Amino acid sequence: MDLTILYRGPLASCDYDCPYCPFAKRRDSGEQLRADRAALERFTAWAAEQTGDRLSVLFTPWGEGLVRSWYRRALVGLSHLPHVERVAVQTNLSGRTGWLAEAERDKVALWCTYHPGQTPYERFLGRCRELTALGVRHSVGVVGLAEHLEEARRLRSALPSEVYLWVNAAEGHTYTDEEADLWTALDPLFPYSRFPHRSAGLPCRTGESVVSVDGDGTVRRCHFVRAELGNLYDGSYRKALGPRGCPLEVCDCHIGYVHLETLPLYDVFAGGVLERIPARPAPAAPDGPLGGRARPRRESAADGLVTSRGPVPDGLVGPDPAGRRPLPFVTR
């Protein structure tokens, strides 16, 4: 079985305090940190035993993982397992990077976010240059707030051309077309983030070849659907895997909508889905993230299609969209 796992343990402490960050914020106690460490070590031990499967793992902690030794060890250890195709982590890149020299560089990758105001620009850029020198695959990105634009431009000009700089639409922020154009000039794929994507009943790889796992081993189709598929450690999740339509109206987070079969992003990010690295220089997204004309903004959000980011476009893109059909809702 080929399985991609999005792992998120109980860790919630972060060394940054970004006001725009939707993630949980707390100072983890020693007991909480020990629990997170035990959960992660249990997961990596399980992964090491799955020699009959091919695994890819993305760590998506609520807090910052790489300042904790057990996350660094997990990335190094998993990268050396023959049946692990890729191991990646979302990080603010605040910690040292030299430990990555011990990892299998063809397998380990980092999804790095630059937070202006939380870390000096030169320090962050220096860490990016260390990754390049080490030969570690990485993408770099920012949240698309107006006050970040000049710093993002500065970073883009300093990074090697082969390092993809992505831009996430800010939560709760509306972009005019003119504002969106400024961010699209930096990240041609920004339109995919600017708008949410209709997902209700549409085919998605989550729940079939992609799952979310928490610190207790509870398996869900993704981070955004609470229905449980079973448990990782007793194997009960396996019988629940299969094609299923999305039960949510829309999907507006990259780690969710990248897996929608109605979007072409597995082709765009071929070989780099987990670390958010396009297969080639990022192509321009179609007009509107779903490849169609944007609707006028509606006055009511009753149908779930109006969001604070702007109107939702019509249409679908992807190989032979006419041949795709919605799947039934499945909660297990």
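Everything quoted here is computed from the prediction, not taken from an experiment.

(A) Just the sheet that holds strand β9 (residues 210–214), in detail. Strand order in the open sheet formed by 9 strands is β6-β5-β4-β3-β2-β1-β9-β10-β11, with mixed pairing between adjacent strands. Of all strands in the sheet, those with a lone pairing partner are β6 (165–169) and β11 (228–231), marking the two edges. The average undirected angle you get between the axes of adjacent strands in this sheet is 25°. Two elements, strand β2 (residues 54–59) and strand β3 (residues 84–91), share 5 bridges in a ladder whose sense is parallel. In the strand pairing of β3, S56 is matched with R86. Contacts between helix α3 (residues 121–134) and the sheet are confined to β4 (108–113) and β5 (137–144), with β5 contributing the most and set at about 155° to the helix.

(B) Region of interest: the packing of aromatic side chains. This model, assessed by the stated rule, comprises 10 aromatic pairs. Centre to centre, the rings of Y7 and F59 are 5.7 Å apart; their planes meet at 80°, and the pair counts as edge-to-face. Separated by 52 residues along the polypeptide, Y7 in strand β1 (residues 2–8) and F59 in strand β2 bring together distant segments of the chain. With relative accessibility at 0%, the residue F59 sits in the buried group. Directly above the ring of Y121 sits R154, whose terminal nitrogen or CZ lies 3.7 Å from the centroid.

(C) A look at the side chain of N92. In this structure, N92 sits in the loop between β3 and β4. Residue classification places N92 among the buried residues on the basis of a relative accessible area of 4%. Not counting chain neighbours up to four residues away, the residues in contact with N92 comprise C14, D15, Y16, E64, T113, H115 and F124.

(D) Local environment of the packing of α3 against helix α4 (residues 149–158). In the contact formed by α3 and α4, the axes pass within 11 Å of each other and the chain directions differ by 30°. Judged on the interaxial angle alone, α4 and α3 are roughly parallel. Helix-helix and strand crossings are classified by hand; for α3 and α4 the assignment is right-handed. Seen from α3, the contacting residues are Y121, E122, F124, L125 and R129; seen from α4, they are E151, R154, L155 and A158. Taken together, the residues of the contact of α3 with α4 sort by class into 5 nonpolar, no polar and 4 charged.

(E) Layout of the pattern of salt bridges. Throughout the structure, instances matching the rule amount to 13 salt bridges. Between E150 and R153 there is a salt bridge, with its nearest N and O atoms 2.6 Å apart. One end of the pair, E150, and the other, R153, are both in helix α4, 3 residues apart, so they sit about a helical turn from each other. E228 is the salt-bridge partner of R220, the closest N and O atoms lying 3.6 Å from each other. Relative accessible area serves as the criterion here: at 10%, R220 is assigned to the buried category. Through salt bridges with shared partners, a single ionic network connects R37, E41 and R73.

The rules behind each value
Residues numbered from 1 in each chain as written. Predicted model: local features only at pLDDT ≥ 70, side-chain atom pairs only at ≥ 80, totals over all residues. Heavy atoms only, no water. Pairing = 2+ DSSP bridges. Helix = DSSP H or I, 4+ residues; strand = E, 2+ residues; numbered from the N terminus. Axes fitted to C-alpha atoms, helices over the stretch in contact; angles between N-to-C directions. Contact = heavy atoms within 4.5 Å. Phe/Tyr/Trp six-rings, centres within 6.5 Å; stacked < 30°, edge-to-face > 60°. Buried < 20%, exposed > 50% of the residue type's maximum accessible area, 1.4 Å probe, protein only. Lys NZ or Arg CZ within 6 Å of the ring centre and 35° of its normal. Parallel < 35°, antiparallel > 145°, perpendicular 65-115°, else oblique. Left-handed = near helix turned anticlockwise from the far one by under 90°. Nonpolar A, V, L, I, M, F, W, Y, C, P; charged D, E, K, R; others polar. Salt bridge = Lys/Arg side-chain N within 4 Å of Asp/Glu carboxyl O.

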